[in-house]
There are 4 protein chains.
Amino acid sequence: MSAQTINTIFSGIIPPMVTPLLSDNLTLDVNGAKNLVEHLIAGGVHGIFILGTTGESTSLSYKTREQLIVESCKAVNGRVPVFVGITDTSIEESIHLAIIAKKAGAAAVVAAPPYYYGLGQEELYKYYWSLADQLTLPLFLYNMPSHTKINIDVKTVVRLSEHSNIIGLKDSSANAVYFQSLVYLLKAKENFSLLVGPEEITAETVLMGGNGGVNGGANLFPKLYVALYHAAIAKDFERIEELQTLVMEISTKIYTVGSYGSSYLKGLKGALAALGIINANIAAPFTTFDEKEMVKVIANIKEIEIKVNSAL
Amino acid sequence: MSAQTINTIFSGIIPPMVTPLLSDNLTLDVNGAKNLVEHLIAGGVHGIFILGTTGESTSLSYKTREQLIVESCKAVNGRVPVFVGITDTSIEESIHLAIIAKKAGAAAVVAAPPYYYGLGQEELYKYYWSLADQLTLPLFLYNMPSHTKINIDVKTVVRLSEHSNIIGLKDSSANAVYFQSLVYLLKAKENFSLLVGPEEITAETVLMGGNGGVNGGANLFPKLYVALYHAAIAKDFERIEELQTLVMEISTKIYTVGSYGSSYLKGLKGALAALGIINANIAAPFTTFDEKEMVKVIANIKEIEIKVNSAL
Amino acid sequence: MSAQTINTIFSGIIPPMVTPLLSDNLTLDVNGAKNLVEHLIAGGVHGIFILGTTGESTSLSYKTREQLIVESCKAVNGRVPVFVGITDTSIEESIHLAIIAKKAGAAAVVAAPPYYYGLGQEELYKYYWSLADQLTLPLFLYNMPSHTKINIDVKTVVRLSEHSNIIGLKDSSANAVYFQSLVYLLKAKENFSLLVGPEEITAETVLMGGNGGVNGGANLFPKLYVALYHAAIAKDFERIEELQTLVMEISTKIYTVGSYGSSYLKGLKGALAALGIINANIAAPFTTFDEKEMVKVIANIKEIEIKVNSAL
Amino acid sequence: MSAQTINTIFSGIIPPMVTPLLSDNLTLDVNGAKNLVEHLIAGGVHGIFILGTTGESTSLSYKTREQLIVESCKAVNGRVPVFVGITDTSIEESIHLAIIAKKAGAAAVVAAPPYYYGLGQEELYKYYWSLADQLTLPLFLYNMPSHTKINIDVKTVVRLSEHSNIIGLKDSSANAVYFQSLVYLLKAKENFSLLVGPEEITAETVLMGGNGGVNGGANLFPKLYVALYHAAIAKDFERIEELQTLVMEISTKIYTVGSYGSSYLKGLKGALAALGIINANIAAPFTTFDEKEMVKVIANIKEIEIKVNSAL
């Protein structure tokens with residue numbers, strides 16, 4: 001698979017798949033994962049990204065991570081490319097996960113910066129270069145400063161884009177100046193893909209030259225996000241406005257039930273359970289919504305579901 | 001002037017005017033300020049915002065701030081609305097500046113949160129409500145978390161939008177998720193204006209429902225930013241791409257000469273001097289570019305100027 | 001007054017005096033200020049520091065700040081040295097306040113870094129050096145990173161200690177590694193004074209070579225903090241333990257009533273009112289305790305007062 | 001082993017042992033580890049803490065971590081208690097490491113908060129309580145906000161101290177107010193141990209009621225830190241001053257060679273190599289010192305070694 005092919009693939013909506021868990025909050029719900037894969041592919045997504053932040057990668061044991069890689073790739077069975085998160089503080093474990101991913105048939109791997117020690121940009125640059133050297137799958141950078149404590153600076157991304165094995169960046173910083181700087185500076189690089197994490201800004205990002213969205217809400221309504229992506233590509237503003245309103249309704253009514261930063265993850269899994277797609281179990285350090293919060297999420301998502309169905 | 005009128009006015013490009021200083025780096029360069037006002041108005045701007053972050057408001061003495069209000073309003077002479085920054089840690093001084101602004105004929109005042117003590121959202125809400133109660137000019141909120149240490153949370157903005165004297169928000173967070181949340185939640189509020197600070201994202205913000213940009217680069221080339229705004233309103237993507245490229249060239253080649261966060265301000269004033277618009281003097285705690293940096297800024301801005309002239 | 005004399009003076013307990021306000025929360029309570037000065041001097045303090053963070057300096061208008069300088073110096077009347085906070089984002093206003101302070105008879109001025117723009121260490125160094133050059137009173141550096149967004153790095157302090165007009169540092173970072181690094185590196189500089197802000201660590205700081213404490217609680221019970229300082233100088237551990245327990249009781253039972261970072265200031269002013277020393281009015285952006293919180297503070301401080309009186 | 005016994009043990013100097021690596025920067029240097037264990041025990045340390053921040057735990061593969069637990073416990077062979085870091089983002093992996101530790105004969109485990117997602121205090125409380133419930137070894141909390149993005153708030157520590165399986169806290173925040181608050185609030189809890197990370201403040205911490213230090217520099221000169229601890233216990237200020245000066249010399253001349261936050265780790269391993277104790281290899285994401293930096297470290301540590309030997 002050439003880098004150019006990859007780039008063509010790595011655009012559109014690539015949901016960061018949530019990880020369904022059994023009631024012990026630790027064990028992979030294999031059937032749930034298969035169902036979710038079918039739900040996503042039926043929704044027309046352009047790829048599936050497993051073991052990201054939304055996938056609770058860092059909360060899972062290595063055994064569970066490996067199992068998810070194998071089961072997901074098997075379930076997808078080549079219908080869309082699978083991208084595998086290998087973010088870790090140990091480069092050895094990252095490389096090991098990439099070997100599993102390669103063997104299972106994944107298309108690429110995705111790595112956020114190591115997130116325990118604070119790093120300088122030069123250290124980060126050397127880390128990524130060395131990692132890319134050691135991988136047999138193409139690598140996407142993953143900018144997630146709120147969780148990793150470090151921003152992959154614009155200059156560092158530009159330098160890393162010179163590595164033949166580094167083929168794109170997923171940016172979850174929500175910083176649109178950062179993203180526009182990369183769009184501008186990497187415009188000439190045809191094979192470098194720029195994807196955005198937060199679904200609230202996928203439309204504007206695509207309008208301004210970005211390649212797509214890795215949007216958590218696409219776990220719920222993959223067709224909605226795919227339709228929004230196509231509307232942005234077509235510059236169909238009437239349609240963008242209609243769909244963006246629904247995306248914002250999900251953002252403001254589902255992801256903000258509960259307190260702390262975990263409300264996004266809890267809301268997403270809670271809503272998936274409310275829609276009967278998978279159960280709501282969540283891994284430590286978080287705990288599943290209590291009943292009161294769940295009642296709220298159910299009410300909100302049911303109302304949104306009707307609107308989404310009517311719009312699509 | 002009714003609130004509705006204000007809203008109509010508070011859209012488009014409203015440059016945060018830099019403050020020209022004499023060589024002591026303290027005294028207002030009155031002629032410089034007059035020249036800059038003419039330059040901006042000739043460029044077709046929709047308003048002028050004085051005493052913002054770009055205007056070095058907090059570095060100026062109160063006497064100089066008052067002088068700038070009076071001289072700017074006199075120079076503008078009603079041709080465009082003038083918006084006056086009253087950001088301060090002392091509410092008494094903020095109110096005092098607003099009185100001067102009202103008397104001088106300003107259209108509205110703009111206030112970022114008090115920036116010494118760390119505040120909670122409830123404290124911030126009470127502060128703004130109380131401030132708005134005491135002002136005789138309409139108030140714009142100014143979100144600037146990197147400088148004030150506090151984000152005016154989405155919910156706080158929505159609550160404050162209920163105050164009849166609070167008519168808009170300028171957001172300089174660069175966080176596009178934040179901005180889109182406000183666009184969505186305040187859509188129904190016709191008279192509330194949402195402006196964005198960073199020029200790199202004015203186009204996408206306007207495309208997605210924002211009302212305009214308070215863009216520092218408009219001090220240099222007001223016509224460029226006005227044209228970009230109109231292209232975004234018209235959804236003319238060919239033109240947007242052409243102009244956005246120039247805006248990004250300014251951003252990446254002028255604002256990043258020099259180190260630290262001050263490189264934006266130094267680059268902007270340096271480029272203004274290179275173009276012969278005003279001199280480059282800058283107030284403490286910053287110091288003007290050294291010669292080596294200045295040489296770089298001159299070379300870059302001259303090259304950009306040619307491109308801008310050819311595009312307009 | 002020679003620098004050596006200053007150093008001798010600038011040790012011991014120098015309370016950061018709270019600023020008593022009339023019921024409009026803006027106007028100086030001149031009688032309250034006089035009473036507080038007497039209370040402090042009767043308590044044996046080694047100096048008085050006005051217009052610090054505890055003194056709500058940045059919340060006060062310039063007129064009020066000037067009035068406080070004049071009235072405090074008059075009330076003190078040379079009995080102890082007065083140190084005046086000139087922290088400001090405008091160097092011109094800082095210098096102006098220092099002129100007032102000099103004229104009123106103050107011993108030294110104290111400045112935290114300018115706190116709006118983010119600065120680099122080199123910019124900070126130049127700022128302080130230039131400020132010190134322009135002052136006619138000796139200058140104390142004031143490290144307050146939680147409020148100013150910048151730490152005055154150890155190396156920067158060492159470089160600034162070379163300026164003949166810079167005579168000490170007040171550190172409110174609570175970072176004991178930072179403080180010990182300065183104690184070690186500046187040991188040879190006999191005339192450089194190292195004071196610590198948080199009262200919870202005055203004892204250990206003095207034990208390890210620090211020169212004293214600028215402790216907010218000394219507004220309440222100046223004798224307690226003076227006694228703790230003397231116990232630390234005498235290395236009387238039985239006494240240290242007895243008094244430290246009382247200081248910690250104030251810290252945990254008075255400064256933590258209420259929410260947010262303002263609980264310290266509200267608790268302190270509330271307790272002063274409960275003890276009948278001054279009223280509890282507080283300047284915007286904060287608001288005075290509500291009745292429920294006040295009831296709690298009154299109960300706690302009355303209980304502590306009995307223990308303090310019995311210990312002294 | 002009862003909790004009371006543990007407490008008696010968990011005081012004094014417990015070095016956070018560095019992890020010796022072979023030249024691939026990945027594989028455990030088993031002989032190096034054995035030599036280091038002997039060096040530490042010969043120095044009189046009161047315990048050994050493996051797999052902490054200094055031990056590069058998060059950079060090591062699970063296989064290597066397990067190997068280190070087994071080899072270290074075997075080498076120590078019961079002469080001092082071994083404490084094992086189980087900090088991880090996956091609770092399952094933490095528990096698994098604790099099982100290995102228990103089997104190998106470790107005395108207790110140590111866990112910093114999960115460090116990928118941002119947590120609220122209530123979430124953190126529940127996480128630790130649940131973890132402690134599932135462990136068969138006593139648990140030490142480990143406060144390391146610079147790396148984990150969350151401070152274990154004073155109130156949270158107090159609540160967690162109620163769990164019979166939670167027996168202490170290691171604080172590496174350097175915030176002495178935080179530490180003194182815990183000393184005060186947990187004074188009545190005889191079996192709860194409060195240890196401090198940064199060696200620069202071990203002396204003052206012990207003087208004020210802390211139980212000891214988990215000091216990185218004790219890898220270099222264990223006797224120095226043990227002597228400082230005993231001097232603090234004995235309140236022998238002449239000796240404290242002599243030894244504290246040496247500790248500060250290590251801190252300022254070894255840990256600050258190189259840039260970024262990694263200079264501590266690189267300096268420490270570089271100095272250990274210079275002293276012939278172990279080699280300087282360091283795991284990704286860091287890289288070993290370059291030659292120029294190494295020359296500097298060698299010169300500095302040799303000079304310090306002479307002084308340390310003469311003082312002991």
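Residues numbered from 1 in each chain as written. Chains lettered and ligands numbered in written order. Predicted model: local features only at pLDDT ≥ 70, side-chain atom pairs only at ≥ 80, totals over all residues. Heavy atoms only, no water.

In the annotation of an unreviewed UniProt entry, chain A is listed under the name Dihydrodipicolinate synthase family protein and assigned to Flavobacterium cellulosilyticum.

Colleague: An account of the pattern of salt bridges is requested, with residue identities and associated values reported.
Modeller: When the charged atoms of two side chains with opposite charge come close together, those side chains can pair. In the structure shown here, the tally under the stated rule is 37 salt bridges over all chains. Taking the shortest distance from any N to any O, the salt bridge between Glu56(B) and Lys269(B) comes out at 2.6 Å. Of the two residues, Glu56(B) is situated in the loop between β2 (48–50) and α3 (62–76) and Lys269(B) in helix α12 (residues 263–274); the sequence distance between them amounts to 213 residues. Overall, Glu56(B) belongs to the buried group, its relative accessible area being 0%. Of the residues examined, Lys269(B) reaches a relative accessible area of 1% and is grouped as buried. Measuring nitrogen to oxygen at the nearest pair gives 3.1 Å for the salt bridge that ties Arg159(D) to Glu122(D). Within this pair, whereas Arg159(D) is found in helix α7 (residues 154–160), its partner Glu122(D) is found in helix α5 (residues 121–134), the two being separated by 37 residues in sequence. Residue Glu122(D) is classed as partly exposed on the basis of its relative accessible area, which comes to 29%. Residues joined in a network through salt bridges with shared partners are Glu249(A), Lys253(A) and Lys307(A). (Salt bridge = Lys/Arg side-chain N within 4 Å of Asp/Glu carboxyl O. Helix = DSSP H or I, 4+ residues; strand = E, 2+ residues; numbered from the N terminus. Buried < 20%, exposed > 50% of the residue type's maximum accessible area, 1.4 Å probe, protein only.)

Colleague: Describe in detail the relation of the copies chain D and chain C, supporting the description with residues and values.
Modeller: Structural alignment of chain D on chain C gives an RMSD of 0.0 Å, achieved by rotating through 180° and translating 0.0 Å along the axis. Taken together, the rotation and translation relating the two chain copies correspond to the operation of a two-fold axis. Measuring from the rotation axis to each C-alpha of chain D, the shortest distance belongs to Asn175(D), at 2.4 Å. In this assembly, 100% of the residues forming the interface of chain D have copies in chain C that are likewise at the interface, indicating an isologous arrangement. (Least-squares fit on C-alpha atoms with pLDDT ≥ 70 in both. Contact = heavy atoms within 4.5 Å.)

Colleague: Describe the sheet that holds strand β7 (residues 193–196) of chain A, with residues and values.
Modeller: Residues and elements named next belong to chain A. Here we have eight strands laid out as an open sheet, ordered β1-β8-β7-β6-β5-β4-β3-β2, and parallel in their pairing. Each edge of the open sheet is held by one strand with a lone partner, namely β1 (12–13) and β2 (48–50). For strand β5 (residues 139–143) and strand β6 (residues 166–171), the ladder comprises five bridges, and the chain directions are parallel. Its bridge partner being in β6, Leu141 is matched across the sheet by Leu169. (Pairing = 2+ DSSP bridges.)

Colleague: Go over the interface of chain D and chain C, please, and point to the residues and values.
Modeller: Listed as interface residues are 24 residues of chain D and, on the opposing side, 24 residues of chain C. At the boundary of chain D with chain C, total buried surface from both sides reaches about 2300 Å², with 70% on carbon and sulfur atoms. On the chain D side of the interface with chain C, the three residues burying the most area are Tyr184(D), Glu204(D) and Met208(D), jointly 26% of the side's total. Summed over the shared surface of chain D and chain C, the result is seven residue pairs in polar contact (both at pLDDT 80 or more). Contributing elements (two or more residues each) for the side of chain D that touches chain C: α8 (176–185), α9 (202–207) and α11 (237–253) of chain D. Per element, the largest residue contribution to the side of chain D that touches chain C is seven residues, and it comes from α11(D). For the side of chain D that touches chain C, the residue count by class is 13 nonpolar, six polar and five charged. (Buried area = accessible area lost by both parts, 1.4 Å probe. Polar contact = N/O pair within 3.5 Å; in protein donor to acceptor, adjacent residues only side chain to side chain. Nonpolar A, V, L, I, M, F, W, Y, C, P; charged D, E, K, R; others polar.)

Colleague: Outline the side chain of Glu93(D), supporting the account with residue identities and numerical values.
Modeller: Structurally, Glu93(D) is set in helix α4 (residues 91–104). Nearest to the buried, unbridged Glu93(D) among oppositely charged side chains is Arg65(A), at 6.7 Å. If near-sequence neighbours (up to four positions away) are discounted, Glu93(D) is found in contact with Ser61(A), Tyr62(A), Tyr62(D) and Asp88(D). (Lys, Arg positive; Asp, Glu negative; His and termini not counted.)

Colleague: Help me get a handle on the sheet that holds β2(B), residues and values and all.
Modeller: The pairing of strands in a sheet comes from backbone hydrogen bonds and takes either a parallel or an antiparallel form. Residues and elements named next belong to chain B. Read from one edge of the open sheet, eight strands run β1-β8-β7-β6-β5-β4-β3-β2, paired in parallel fashion. What marks the edges here is a single partner per strand, and that holds for β1 (12–13) and β2. Where strand β4 (residues 108–111) lies against strand β5 (residues 139–143), three bridges are found, and the strand directions are parallel. Its bridge partner lying in β5, Ala111 is registered against Leu141. Each of β4, β5 and β6 (166–171) is contacted by helix α5 (residues 121–134), which is oriented at about 150° to β5, the strand it contacts most. (Axes fitted to C-alpha atoms, helices over the stretch in contact; angles between N-to-C directions.)

Colleague: A description of the interface of chain D and chain A should follow, citing residues and the corresponding values.
Modeller: Taken together, the contacts link 39 residues of chain D with 39 residues of chain A. It is Tyr116(D), Tyr117(D) and Pro285(D) in chain D that bury the most area against chain A; as a group they hold 22% of the surface buried on that side. Counting every contact that joins chain D to chain A gives two salt bridges. Of the charged contacts, one joins Lys266(D) and Glu123(A) as a salt bridge, the two residues approaching to 3.7 Å between their closest N and O atoms. Run the count over chain D and chain A and you get 17 residue pairs in polar contact (both at pLDDT 80 or more). Mapped onto the side of chain D that touches chain A, the elements with two or more residues apiece are α3 (62–76), α4, α5, α6 (145–148) and α12 (263–274) of chain D.

Colleague: Help me get a handle on the packing of aromatic side chains, residues and values and all.
Modeller: Scanning the model with the defined rule gives 46 aromatic pairs over all chains in all. Considering the side-chain rings of Tyr255(C) and Tyr264(C), the 4.9 Å spacing of their centres and the 80° angle between planes classify their relative orientation as edge-to-face. A relative accessible area of 6% means that Tyr255(C) is categorised as buried. According to the relative accessible area criterion, Tyr264(C) is partly exposed, its value standing at 24%. Through pairs of rings, three or more aromatic residues link up here, namely Tyr115(A), Tyr116(A), Tyr117(A), Phe286(A), Tyr115(D), Tyr116(D), Tyr117(D) and Phe286(D). If you follow Arg159(B) out to its NZ or CZ, it ends over the ring of Tyr125(B), 3.6 Å from the centre. Seen from the ring of Tyr116(C), Lys149(C) lies directly overhead, with NZ or CZ sitting 5.8 Å from the centre. (Phe/Tyr/Trp six-rings, centres within 6.5 Å; stacked < 30°, edge-to-face > 60°. Lys NZ or Arg CZ within 6 Å of the ring centre and 35° of its normal.)

Colleague: Can you break down α8(D) residue by residue, with the values?
Modeller: Residue and element names in this part refer to chain D. Along α8, nine of the ten residues are buried, which leaves the element largely enclosed by surrounding structure. For α8, the set of buried residues is Ala176, Val177, Tyr178, Phe179, Gln180, Ser181, Leu182, Val183 and Tyr184. Where α8 begins, the side chain of Asn175 points an oxygen toward the backbone nitrogen of Val177, at a separation of 3.0 Å.

Colleague: Provide a residue-level description of the packing of helix α12 (residues 263–274) of chain C against helix α13 (residues 291–311) of chain C, including the pertinent values.
Modeller: Residues and elements named next belong to chain C. Following both chains from N to C, one finds α12 and α13 inclined at 65°, their axes separated by 9 Å at the closest point. As far as their axial angle goes, α13 and α12 are roughly perpendicular. In this structure, the crossing between α12 and α13 has a hand that is right-handed. In contact with Gly267, Gly270, Ala271, Ala273 and Ala274 of α12, α13 contributes Met294, Val297, Ile298, Ile301 and Lys302. The residue inventory of the contact of α12 with α13, partitioned by class, reads seven nonpolar, two polar and one charged. (Parallel < 35°, antiparallel > 145°, perpendicular 65-115°, else oblique. Left-handed = near helix turned anticlockwise from the far one by under 90°.)

Colleague: Any chance you could break down the arrangement of the chains for me, citing the residues and the numbers?
Modeller: Nothing in chain A touches chain C; the tightest C-alpha to C-alpha distance between them is still 16 Å. The closest approach of any C-alpha atom in chain B to one in chain D is 16 Å; the two make no contact.

Colleague: Please give an account of the relation of the copies chain D and chain A that cites residues and values.
Modeller: Screw-axis analysis of chain D against chain A gives a translation of 0.0 Å along the axis, an RMSD of 0.0 Å, and a rotation angle of 180°. In this assembly, 100% of the residues forming the interface of chain D have copies in chain A that are likewise at the interface, indicating an isologous arrangement.

Colleague: Help me get a handle on unusual backbone geometry, residues and values and all.
Modeller: Of note, the amide linkage connecting Ala284(C) to Pro285(C) takes the cis form, showing an omega dihedral of 15°. Note on placement: Pro285(C) falls in the loop between α12 and α13. At Glu56(A), a position not held by glycine, the phi torsion is positive, near 55°. Despite not being glycine, Asn25(B) has its phi angle at roughly 65°, a positive value. Mapped onto the secondary structure, Asn25(B) falls in the loop between β1 and α2 (30–42).

Colleague: Account for the UniProt feature "active site" (unreviewed entry) in chain A, naming residues and giving values.
Modeller: All names here are of chain A. Mapped onto the present numbering, the UniProt feature "active site" (unreviewed entry) falls at Tyr142 and Lys170. The greatest C-alpha distance among the annotated residues, which extend across 29 residues, is 4.7 Å, indicating that they converge on a single site. Positionally, Tyr142 belongs in strand β5. Its location among the elements puts Lys170 in strand β6. You can call Lys170 buried: its relative accessible area is 6%. In contact with Lys170, other than residues within four places in its own chain, are Phe49, Leu141, Tyr142, Asn143, Leu195, Gly197 and Val214. (UniProt positions renumbered as here; feature names shortened; annotations may be inferred.)

Colleague: Kindly report on the packing of α3(D) against α4(D), identifying the contributing residues and their values.
Modeller: Residues and elements named next belong to chain D. Between α3 and α4, whose axes approach to 9 Å, the crossing angle comes to 20°. Comparing the axis directions of α3 and α4 gives the class roughly parallel. In this structure, the crossing between α3 and α4 has a hand that is right-handed. Residues Tyr62, Arg65, Glu66, Ile69, Val70 and Cys73 of α3 form the contact with α4, whose own contacting residues are Glu93, His96, Leu97, Ile100, Ala101 and Ala104. Considered class by class, the residues forming the contact of α3 with α4 number eight nonpolar, one polar and three charged.

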